[in-house]
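Single-letter residue listing:
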Amino acid sequence: MDIKIYENEKIKEKLFFKELDSGLKVYFMPKEGYTKQYAIFSTNYGSIDNIFTPIREDETIEVPEGIAHFLEHKLFEEPEENIFDKFSKLGANVNAYTNFTQTAYLFSSTENFYENLELLVQFVQHPYFTDENVEKEKGIIAQEINMYKDNPNWRVFFNCLRAMYTEHPVRIDIAGTVESIQDINKELLYKCYDTFYNPNNMVLFIAGDLSFDEILKIVEKTERKDYTKIEEVNRVFKEEPKGVKESFIEENMMTSTPLFYIGFKDEDVNLPGEERVKKDLVTNFILDMIFGSSSVFYNELYEEGIIDSSFGAYFTGKKSYGHSLVGGESKKPKEVYNRVMDLFEKDPQSILIEDDFNRIKRKNIGGFLMAFNSVESIANNFMDLYFEEVLLIDYLEILESIEYKDLIERFNKHFVKENVVLSIVNPLS
């Protein structure tokens, strides 16, 4: 396929694209005059992908919780020199992350970009698993899991998800449990790797003052050629019942002040990409207008000493799940919950003021345009939107299409009392 160029005159940015013979999609946004360069190599594979049909097999399998995160750790294993040392010698910072829906490997540099890119593609495409190094990793990851288990902020968050969802794997900790990772072995890791790290399931994005021809030359020279091309991975999700699993969940831990999350489960899921992104924006507009630091609600509760600056709210939504979370620290979390519920009983037009909507919309457009000044922001925003089937260069059009009536409609649909959870972590008495 020839190189395709996407261009947006409004934001004066270009996006170059080519799909390689392997199926790997390569995108590049030139940033002339920028010293910093950034590359992110990501697979459409996260912690929720636990039931799937492996490549070259017919039967669906269920793998241990936490295996996507385990695989991310293991890809940094090399038979000889440590991969971090290799990037460091080339003057680059390398990192990786696994979330619910994707796993990404990235680096930033100001020099030796093409050598670093070659190293990135090489190490992500050459797994090295042995019985010994897999067993050794279990101890390291178990320590990480136990560390998060003792973190009250992490607990109040995952308790909220566990109360909200009955079946959906978003309720499971991304790293799994100390028990679940014991069932991981090198054969399962290779099975997951071969299925989800197939080039056709991956995307490489680069931003900086660079040459796309040179980028393609490096990637085509370095990438493995022995993949079996697949069209799409067959993933299976158990049917999630309507409503929440339990409306209240509480735990006592070592914390000075109670922590809380009020969660609203979203049942308007499985929308097409652009609609999904628009829903995400509309819901976050609502939360910003009602709970943002300039809102009446925030300032009333802050003046009364019921909340502090840790209070905030956001919506996150993917294809198969979504939820709004309102939370922070409070000496009276149940009082905050009651006040939030009272608020959602009101006529939406009395709390969602149209002038505020126009202000929030302008703020979001400004923030989006400002993000093009940072190669990290460009790359991370690109990747989040790409897996929602929307290109970064088309995002402004979706943002500008939002109307006040969209907020009223979404408010009535999403913020219903049947889908609410209160999660609290109290200090030990």
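Draft legend 1. Expanded view of the layout of surface pockets. The computed volume of the largest pocket comes to approximately 970 Å³. Lining the largest pocket are 36 residues; nearest its centre among them are Asn44, Arg235, Phe237, Lys319 and Glu389. Per-class residue counts for the lining of the largest pocket are 12 nonpolar, 7 polar and 17 charged. Considered as a void within the structure, the second largest pocket measures approximately 750 Å³ in volume. For the second largest pocket, the lining is made up of 30 residues, of which Asp280, Phe315, Thr316, Lys318 and Asp384 are closest to its centre. Elements supplying a minimum of two residues to the lining of the second largest pocket: helix 8 (273–291), strand 12 (312–317), helix 12 (354–370), helix 13 (375–386) and helix 14 (395–400). If one sorts the elements of the lining of the second largest pocket by residue count, helix 8 sits on top with 6 residues. Residue composition of the lining of the second largest pocket, by class: 15 nonpolar, 10 polar and 5 charged.

Draft legend 2. Inspection of the pairing of strand 3 (residues 25–30) at higher detail. Most of strand 3 sits inside the fold, with 5 of its 6 residues counted as buried. Bridge analysis of strand 2 (residues 13–19) against strand 3 gives 4 bridges, and the strand direction is antiparallel. Paired with phenylalanine 17 across the bridge in strand 3 is tyrosine 27. Hairpin connection of strand 2 to strand 3: 5 residues between the antiparallel strands, including glycine 23 at a positive phi of 105°. Two elements, strand 3 and strand 9 (residues 202–208), share 6 bridges in a ladder whose sense is parallel.

Thresholds, definitions, all that
- Residues numbered from 1 in each chain as written.
- Predicted model: local features only at pLDDT ≥ 70, side-chain atom pairs only at ≥ 80, totals over all residues.
- Heavy atoms only, no water.
- 1 Å grid on protein atoms, 1.4 Å probe; cavity = no way out; pocket = protein on both sides within 12 Å on 5 of 7 lines; lining within 4 Å.
- Points joined across faces, edges and corners; volume = space filled by probe spheres on them.
- Nonpolar A, V, L, I, M, F, W, Y, C, P; charged D, E, K, R; others polar.
- Helix = DSSP H or I, 4+ residues; strand = E, 2+ residues; numbered from the N terminus.
- Buried < 20%, exposed > 50% of the residue type's maximum accessible area, 1.4 Å probe, protein only.
- Pairing = 2+ DSSP bridges.

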